[in-house]
Amino acid sequence: MAQYYFLDSSNTQHGPVDESQLIANGVTAATMVWCVGMNDWKPAGEVADLTYIFRPMAQNGYNPNAGYYSAPQQPGGNVPVYPPSSNLVWAILSTVLCCLPLGVVSIVYASQVDSEWSRGNYQEAYRKSRLARNWAIASLCTGLVSSLIYAVCVFLGAFAEAIKL
């Protein structure tokens, strides 16, 4: 577990402290922290290894990191409260039922949504969710157009056979 130094409100340096003890020492997402391997001091909420500590609680007040219920908190800044849908079900259905190549691309993006969210890359998680949805829609449209073309070809073939008789 990494050891972090942090600055209090009067810019006095404290630490090293284990990451599991940061909250107990009054560190918030806005508190400046540093550890070995970091180039410069950063707000704790922006350190990728600490996002699991400062992730906002769900609307119902359950904090999965702490394992208890408490009053819901509003996230600071542009941190969204709810993760985006991964669209994995739609990706799988469009792959199996419509167009395999486009559906596989959709599955790849859908599988990356949750990992981006857990890393704290909220914008990237929403972007990958949109891409997964768009590729699933493209797969669906391609499958429908292909089926329509196939049906027209079968109909014209049957019609041509009927004319020959």
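Everything quoted here is computed from the prediction, not taken from an experiment. (Residues numbered from 1 in each chain as written. Predicted model: local features only at pLDDT ≥ 70, side-chain atom pairs only at ≥ 80, totals over all residues. Heavy atoms only, no water.)

Novice: Got a minute to help me understand the pairing of strand S1 (residues 3-7) in this structure?
Specialist: Walk down a regular strand and you will see the side chains alternate between the two sheet faces. As paired strands, S1 and strand S2 (residues 13-18) are joined by four bridges and run antiparallel to one another. Residue pairing across strands places Gln3 opposite Asp18, the latter belonging to S2. The antiparallel pairing of S1 with S2 creates a hairpin that spans five residues between the two strands, and Asn11 there sits at a positive phi of about 60°. Sheet topology places S1 next to strand S3 (residues 32-34); two bridges connect them, and they run antiparallel. Across the sheet, residue Tyr5 finds its bridge partner in S3, namely Trp34. (Pairing = 2+ DSSP bridges. Helix = DSSP H or I, 4+ residues; strand = E, 2+ residues; numbered from the N terminus.)

Novice: In this structure, what is going on with the layout of surface pockets? I would like to understand it.
Specialist: A water-sized probe rolled over the atoms picks out the places where empty space is left. Within this model, the second largest pocket holds a volume of roughly 160 Å³. In terms of lining residues, the second largest pocket is bounded by Asn87, Trp90, Leu93, Ser94, Leu97, Cys98, Arg133, Ala136, Ile137 and Leu140. Counting residues per element, the ones that place at least two in the lining of the second largest pocket are helix H2 (88-97) and helix H4 (122-164). (1 Å grid on protein atoms, 1.4 Å probe; cavity = no way out; pocket = protein on both sides within 12 Å on 5 of 7 lines; lining within 4 Å. Points joined across faces, edges and corners; volume = space filled by probe spheres on them.)

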